Number of protein chains: 2
Amino acid sequence: MKKKELSPLPTGGKPPVVVPSSAQGALDGYPAAEQAVKQIPPAAVARLTLYLRALNSLTGDGVERVSSEALAEASGVSSATLRKDLSYIGSHGTRGVGYEVDYLNRQIAAALGLTLDWKVAIVGAGNLGRALARYGGFQSRGFEIVAIFDADPLIVGQEIGFLRVSDVLGLETGLAQTRANMVVLALPAHVAQEMCDRVVSAGVKSILSFAPITLQVPEGVNLRKVDMATELQILAYHAQRLVD
Amino acid sequence: MKKKELSPLPTGGKPPVVVPSSAQGALDGYPAAEQAVKQIPPAAVARLTLYLRALNSLTGDGVERVSSEALAEASGVSSATLRKDLSYIGSHGTRGVGYEVDYLNRQIAAALGLTLDWKVAIVGAGNLGRALARYGGFQSRGFEIVAIFDADPLIVGQEIGFLRVSDVLGLETGLAQTRANMVVLALPAHVAQEMCDRVVSAGVKSILSFAPITLQVPEGVNLRKVDMATELQILAYHAQRLVD
DNA sequence: GCCTGTGAAACATTTCACAGCA
DNA sequence: TGCTGTGAAATGTTTCACAGGC
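Here the structure is a predicted model, which means the values were calculated and not measured.

### Re the overall build of chain A
Counting its secondary structure elements, chain A contains eight helices and ten strands. When the 244 residues of chain A are sorted by exposure, 44% land in the buried category. Residue pairs at least 24 apart in sequence account for 56% of intrachain contacts in chain A once pairs closer than 6 positions are excluded. Accessible surface for chain A amounts to roughly 12400 Å². Of this, 55% is attributable to carbon and sulfur atoms.

Shown next as structure tokens:
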């Protein structure tokens, strides 16, 4: 349901292991292009963001070096997992010593693509959309909120933080003008798919949805979902089990 | 970091495998008590909530029966995965026919423990906390928001939806009085761990945190985390890879 | 005949344990 | 000596493919 693949190169590496020989015999011509698209396991990518947070916090505390043990503890994972994760982005530590906080921070950020320019548009200026627009946590890591849209005439035109709510009628134009390359959907279920489609048509390839509905997106579009109700239900399952 | 274990049995078998005999040997008298604490794989639990959403939507459309293929499509997973997931909670379909929408809905809800009484308290009445308090998605699935706390004197006493913001000084008392058994933390990073500790001390075992920080909780406490910045960073990684 | 339920295979992730280098 | 980096083992998840009942 989500894999596709087209990288016909034997990038060579551990888990991500690229299909050894197999397919691809057809085209190519180059023996071994080194462009090799890394490929970090999804589970590791998610954790890299945690390490980043922990490293930022350490920087704030003036710490300059950290061991895998300590960083793992601060991130809530095992040290073995942490070392394995870091190995996917290369060897950036010193044996017998540990990791340089600042340097590692930059390495992870680079691996995640955070050095690029990310412009985020929020669709939906209801309670959640407004809260997101005002949330400072985005800006801090290079995500700039460039626009916020809504359909309600009473909300359009309002100021939220440094932004003015735009009419969703002008969604496509707005996305193009602001060069938004990510969209956050903060919408009720019944309009989410429609807005999602428009956003996709406008060429946006990265979408974060808070809508309580399963959205369909075409291949090549990256969709991540956050749903409070879902999280509570998962908690409920575990809590119930404690009681037996 | 999260496993514990105490089952000294060679459980051997597929994922969920019910602990064969194990604990409780004390009572019963039957050779094979069927009470057997299920055990659904975490990945499957997360997806069961998606099926629930899809089933609700189908009910709304007046659909009474659904095939694994159709339900999987609506939920965004493969039909094999769906059938496997459902098999963890028992056989509730009819071969050659499909699943009864209403019946399956109830079976999943029961398996997730949604028939119990969940009372949720929100700690933090900032932008996000207020948005969550007003979000209708909770109530719909048996989660009742029973209190919301904040430390800011300007916010304490305000009305949000049907609730009045309580002073976080009275957190412990408030949790006890309202019999809250779940807590949502909607707090800035610098106070999140402290509040988390207080909530844990008060006996709450299920916590959903929106704070952009890794929280430490003792064994036996269930913590789930949602972080917008993390989600965007993961999107950034994938988006960057599309460019190569 | 058709679609569910499920062993078994394929694949992915995590943990172990230790070699290797500062 | 001490901690990283990483093969190999253990564990978990997804997919395959087909037996089995309606």
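That shown, we press on.
### Some details on the protein's contact with DNA strand C
The local shell around DNA strand C holds 27 residues, among which Arg47 and Thr81 of chain A together with Ser68, Gly93 and Tyr99 of chain B are the closest. The contact in question runs from a phosphate oxygen of DNA strand C to an N or O atom on the side chain of Ser78 of chain A, over 3.2 Å. Separating a phosphate oxygen of DNA strand C from a side-chain N or O atom of Tyr99 of chain B is a distance of 2.7 Å. Elements with a contribution of two residues or more to the surface near DNA strand C: α1 (42-60) and α3 (79-88) of chain A together with α3 (79-87), β2 (93-94) and β3 (98-100) of chain B. With four residues, the single largest contributor to the surface near DNA strand C is α3 of chain A. Taken together, the residues of the surface near DNA strand C sort by class into six nonpolar, twelve polar and nine charged.

### Some thoughts on the relation of the copies chain B and chain A
Once turned by 180° and shifted 0.0 Å along the axis, chain B lies on chain A with an RMSD of 0.1 Å. Both copies are brought into coincidence by an operation consistent with a two-fold rotation axis. When the interface residues of chain B are mapped onto chain A, 100% of them again fall at the interface, so both copies present the same face.

### Looking at the protein's contact with DNA strand D
Lining the immediate environment of DNA strand D, one finds 29 residues, of which Ser68, Gly96 and Tyr99 of chain A together with Arg47 and Thr81 of chain B sit closest. A breakdown of the atoms of DNA strand D within 4 Å of the protein gives sugar and phosphate a share of 57%. For DNA strand D, a phosphate oxygen lies 3.2 Å from a polar atom in the backbone of His92 of chain A. Arg83 of chain B has a polar side-chain atom sitting 3.5 Å from a base nitrogen of DNA strand D. Those elements giving two or more residues to the surface near DNA strand D turn out to be α3, β2 (93-94) and β3 (98-100) of chain A together with α1 (42-60) and α3 of chain B. Considering only residue class, the surface near DNA strand D consists of seven nonpolar, 13 polar and nine charged.

### Quick look at the pairing of strand β5 (residues 143-150) of chain B
All names here are of chain B. With respect to burial, β5 is a largely interior element, seven of its eight residues being buried. Here six bridges tie strand β4 (residues 118-123) to β5, and the two strands are oriented parallel to one another. Among the inter-strand pairings, Ala121 is bridged to a residue of β5, identified as Ala147. For the handedness criterion, the β-α-β arrangement of β4, helix α5 (residues 127-134) and β5 is classed as right-handed. Sheet topology note: the β5/strand β8 (residues 166-167) ladder contains two bridges and is parallel. Pairing of Phe149 across the sheet is with Ser166, part of β8.

### Thoughts on the side chain of Ser75 of chain B
By the secondary structure assignment, Ser75 of chain B is in helix α2 (residues 68-75). Judged by relative accessible area, which is 0%, Ser75 of chain B ranks as buried. Of the polar contacts made by the side chain of Ser75 of chain B, one reaches the backbone oxygen of Leu71 of chain B; its length is 2.8 Å. Among residues more than four places away in sequence, those in contact with Ser75 of chain B are Thr214 of chain A together with Leu50, Tyr51 and Ala54 of chain B.

### Description of the UniProt feature "binding site: NAD(+)" (unreviewed entry) in chain A
The feature "binding site: NAD(+)" (unreviewed entry), as annotated in UniProt, sits at Gly124, Ala125, Gly126, Asn127, Leu128 and Gly129 of chain A in this numbering. Here Gly124 of chain A lies in the loop between β4 (118-123) and α5 (127-134). Position of Asn127 of chain A among the secondary structure elements: in helix α5. Here Asn127 of chain A is in contact with Ala131 and Arg134 of chain B, once residues within four sequence places are set aside.

### Description of the sheet that holds β3 of chain A
Residue and element names in this part refer to chain A. In space, the three strands of this open sheet follow the order β1-β3-β2, with antiparallel pairing throughout. The outermost strands of the open sheet, each flanked by one partner alone, are β1 (65-66) and β2. Bridging between β1 and β3 involves two bridges; their strand directions are antiparallel. Paired with Val66 across the bridge in β3 is Tyr99.

Definitions and cut-offs
Residues numbered from 1 in each chain as written. Chains lettered and ligands numbered in written order. Predicted model: local features only at pLDDT ≥ 70, side-chain atom pairs only at ≥ 80, totals over all residues. Heavy atoms only, no water. Helix = DSSP H or I, 4+ residues; strand = E, 2+ residues; numbered from the N terminus. Buried < 20%, exposed > 50% of the residue type's maximum accessible area, 1.4 Å probe, protein only. Contact = heavy atoms within 4.5 Å. Areas by Shrake-Rupley, 256 points an atom, 1.4 Å probe, with all protein chains shown as cover. Near = heavy atom within 4 Å. Polar contact = N/O pair within 3.5 Å; in protein donor to acceptor, adjacent residues only side chain to side chain. Nonpolar A, V, L, I, M, F, W, Y, C, P; charged D, E, K, R; others polar. Least-squares fit on C-alpha atoms with pLDDT ≥ 70 in both. Pairing = 2+ DSSP bridges. Right-handed = clockwise from strand over helix to strand, strands pointing away. UniProt positions renumbered as here; feature names shortened; annotations may be inferred.

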